[in-house]
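# Notes for the structure review
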Amino acid sequence: MQKTELYRSTALTKKLLATSLGLCLLGGTALAKDADNTAQSESGVSDQTASYHSAGNQPGTGGFSGPDSTKSLWDQDQLLGSMGGLRYWLLNYGVTVNLTETSEYLGNTSGGTKQGFDYDGLTTMTLQLDTKRAFNWYGGTFNVSALEMHGSNVSAHNLQSLQTASGIEADNGVRVWEAWYDQLLWHNQADIKVGQQSLDQEFMVSSNALLFVNTMFGWPMVPSADMIGGGPAYPLSSPGVRIRLQPEGAPAWTFLGGVFDDNPSGLGPTSDKDSQRLNSYGTNFRVNDSALVIGEVQYSFPSVGDSERGDQKTLPGTYRLGGWYDFGQFADQRFGTDGLSLALGNGDPRIHRGNYSIYAVGDQMVWRENAENVGGVSLFFRGMGAPSDRNQITYSINAGITYHEPFEHRENDTVGLGLGYANVSSADRELDADSGLPIKRSGETFVEATYQYAIAPWWQVQPDVQYVMNPGAGITDPNNPTSTKRLGNELVIGLRTNITF
């Protein structure tokens with residue numbers, strides 16, 4: 001990238017951050033004056049707390065329904081309940097603290113480089129402050145979250161698959177995850193979020209896909225492989241600004257957009273280093289890299305207005321269309337600076353300026369027993385694509401079916417069947433041929449079946465089965481690299497448990 005272009009991209013990122021922070025302060029001042037005339041949440045938690053949700057099978061912040069001394073251990077929302085009244089005392093000052101633990105034992109009984117099981121765990125702690133309760137400043141939410149990863153990753157040790165088996169797999173350690181401030185604006189028709197953010201919490205989300213264990217039902221394969229270091233997504237994040245608009249006259253529509261630093265760890269365009277280790281504690285807070293711009297349009301029905309009028313006959317659905325553009329540098333997948341194949345020339349890849357992808361997501365309930373029943377059968381689909389010359393993965397697909405409340409009196413249980421596909425770019429396949437490899441990579445497919453059983457509102461257990469076909473998109477078995485034998489198909493089984501403290 002030329003110095004002038006780098007300077008312009010960096011300057012753009014800084015100006016947007018500064019301008020958006022100013023808008024937050026100005027908008028918050030206006031809203032604070034108008035707070036008495038605006039509808040407010042009766043839960044004591046700001047509206048934005050409810051919108052902060054998990055993605056990619058990563059524990060989110062959860063919610064706090066308020067005190068209920070009549071609830072038993074098996075009916076309360078958290079294992080520790082009110083913590084001797086501490087939760088209620090903190091809530092009076094606008095503070096909520098949530099702690100979750102996700103643990104799993106996954107392994108492959110066939111295929112892969114070896115067979116075996118590994119334990120993997122993730123502890124997530126989130127602290128939120130409602131500025132209305134704390135400072136009488138309407139519409140503001142401060143959020144800070146931290147992660148502690150422990151155990152081993154079965155995908156890295158045994159599978160060598162592109163679409164990793166678990167959404168919580170990460171390098172062991174403790175790190176800051178998100179740190180942001182969100183401010184409601186324009187009579188709650190918009191909000192702006194400024195700070196360290198993980199894009200998988202709001203963008204490209206399929207609500208039904210969140211049930212599954214495989215990583216790709218959260219943060220999909222295209223951004224995982226094609227963004228720098230996997231992009232600002234679990235367990236990484238980047239400073240940026242996100243704006244959401246929900247027009248009063250069009251309640252079914254939501255417009256979401258943002259600009260972020262594109263490089264959470266400082267990874268170079270030709271580097272093969274571990275991006276998580278380059279930002280081991282999540283405290284790099286980089287703002288001097290190129291800009292990553294992302295936008296999404298959402299259409300949901302029935303709309304909020306319809307729900308308030310009691311229209312429950314329509315089967316709900318949400319559809320999203322979006323895209324992202326990264327102004328950074330990306331290495332060509334086949335050709336070098338000398339115009340020759342990387343397998344034949346000097347080995348220095350040609351550098352491209354910019355990268356992009358477009359995506360579509362659909363969640364649609366297709367059946368429920370009656371209008372009062374919250375359970376039912378839903379379908380989901382998510383597809384996206386990216387250019388071949390500068391990306392390893394040109395398109396990926398997720399699809400599946402979920403059944404919420406599959407059995408009578410099991411209203412908190414969900415069963416699901418899903419699949420994922422990732423296609424290796426033609427440039428990479430041609431490089432395989434240039435290199436004289438006996439086989440060329442193509443695509444990888446997996447199928448997952450899972451059942452989430454709620455023992456209590458604060459505790460779920462989830463048996464899971466995955467079958468991976470053509471692992472690594474058809475790489476040669478590393479145990480016998482001179483043969484033409486591909487890595488064997490993999491049967492992965494295991495158990496996950498989620499506990500909210």
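Residues numbered from 1 in each chain as written. Predicted model: local features only at pLDDT ≥ 70, side-chain atom pairs only at ≥ 80, totals over all residues. Heavy atoms only, no water.

### Considering the overall build of the chain
Along its length, the chain carries nine helices and 16 strands. Once local pairs closer than 6 in sequence are excluded, the contacts in the chain between residues at least 24 apart make up 69%. Surface exposure of the chain reaches about 21800 Å², of which carbon and sulfur atoms provide 58%. (Helix = DSSP H or I, 4+ residues; strand = E, 2+ residues; numbered from the N terminus. Contact = heavy atoms within 4.5 Å. Areas by Shrake-Rupley, 256 points an atom, 1.4 Å probe, with all protein chains shown as cover.)

### Structural notes on unusual backbone geometry
Tyr 234 connects to Pro 235 through a cis peptide bond whose omega is 0°. Secondary-structure assignment places Pro 235 in the loop between helix H6 (221–226) and strand S6 (238–245). In this model, Phe 301 is joined to Pro 302 through a cis peptide bond whose omega is -5°. With respect to the helices, strands and loops of the structure, Pro 302 is situated in the loop between strand S8 (291–301) and helix H8 (304–308). Even without being glycine, Asn 136 reaches a positive phi, approximately 60°. Note on Asn 136: relative accessible area 51%, which makes it exposed. Non-glycine residue Asn 470 carries a positive phi angle of around 60°. Looking at the secondary structure, you find Asn 470 in the loop between strand S15 (459–469) and strand S16 (490–500). (Buried < 20%, exposed > 50% of the residue type's maximum accessible area, 1.4 Å probe, protein only.)

### Focus: the packing of aromatic side chains
Throughout the structure, instances matching the rule amount to 18 aromatic pairs. Ring centres of Trp 253 and Phe 255 lie 6.5 Å apart, and the angle between their planes is 15°; this geometry places the pair in the stacked category. Judged by relative accessible area, which is 36%, Trp 253 ranks as partly exposed. Taken together, the aromatic side chains of Trp 253, Phe 255, Tyr 299, Phe 301 and Tyr 319 make up a single cluster linked through ring pairs. Sitting over the face of the ring of Trp 180, Lys 193 holds its NZ or CZ atom 4.1 Å from the ring centroid. (Phe/Tyr/Trp six-rings, centres within 6.5 Å; stacked < 30°, edge-to-face > 60°. Lys NZ or Arg CZ within 6 Å of the ring centre and 35° of its normal.)

### Some points on the confidence of the model for the chain
Taken as a whole, the chain shows an average pLDDT of 86; of its residues, 84% reach a score of 70 or greater. Taken as a whole, residues 1–67 scores under 50 in pLDDT and shows 142 contacts with residues more than four places along the chain or in a different chain. (pLDDT = per-residue confidence, 0-100.)

### Observations regarding the pattern of salt bridges
Tallying each qualifying case throughout the model produces 16 salt bridges. We note a salt bridge from Arg 244 to Glu 202, for which the minimum N-O separation is 3.5 Å. With a gap of 42 residues between them, Arg 244 in strand S6 and Glu 202 in the loop between strand S5 (190–197) and H6 connect regions that are remote in the sequence. Take Glu 202: its relative accessible area is 7%, and that puts it in the buried class. Residue Asp 289 is joined to Arg 286 by a salt bridge in which the shortest nitrogen-to-oxygen separation is 2.7 Å. In this structure, a network of salt bridges that share partners links the residues Asp 182, Asp 191, Lys 193, Glu 202, Arg 242 and Arg 244. (Salt bridge = Lys/Arg side-chain N within 4 Å of Asp/Glu carboxyl O.)

### Things to note about the nonpolar core
Core analysis: the largest hydrophobic core is formed by 30 residues, its most contacted members being Phe 203, Met 204, Ile 294, Tyr 359 and Ile 393. Of all the secondary-structure elements, those providing two or more residues to this core are H6, strand S7 (253–261), S8, strand S10 (349–367), strand S11 (376–385) and strand S13 (414–424). Once you skip the residues sitting within four places of it in the chain, Phe 203 turns out to touch Trp 219, Arg 242, Leu 256, Gly 257, Gly 258, Phe 260, Ile 294, Glu 296 and Tyr 359. Counting residues in hydrophobic clusters, the runner-up holds seven residues, among them Leu 122, Ile 168, Ala 170 and Tyr 234. (Core = buried A, V, L, I, M, F, W, Y, C linked by side-chain atoms within 4.5 Å.)

### Remarks on helix H9 (residues 426–434)
Within the span of H9, buried status applies to Ala 427, Asp 428, Leu 431 and Asp 432. End-on, the buried residues of H9 take up no more than an arc of 145°, which puts them together on one face. Looking at the buried positions of H9, the neighbouring elements they touch are strand S9 (317–336) and S13. Within two residues after H9, Gly 436 carries a phi angle of roughly 75°, on the positive side. (Arc of directions from axis to C-beta.)

### Structural notes on the pairing of strand S1 (residues 95–110)
Two elements, S1 and strand S2 (residues 116–130), share 14 bridges in a ladder whose sense is antiparallel. Bridging across to S2, Thr 96 finds its partner in Gln 128. Hairpin connection, S1 to S2: the antiparallel pair is bridged by five residues, and Gly 111 has positive phi, about 70°. (Pairing = 2+ DSSP bridges.)

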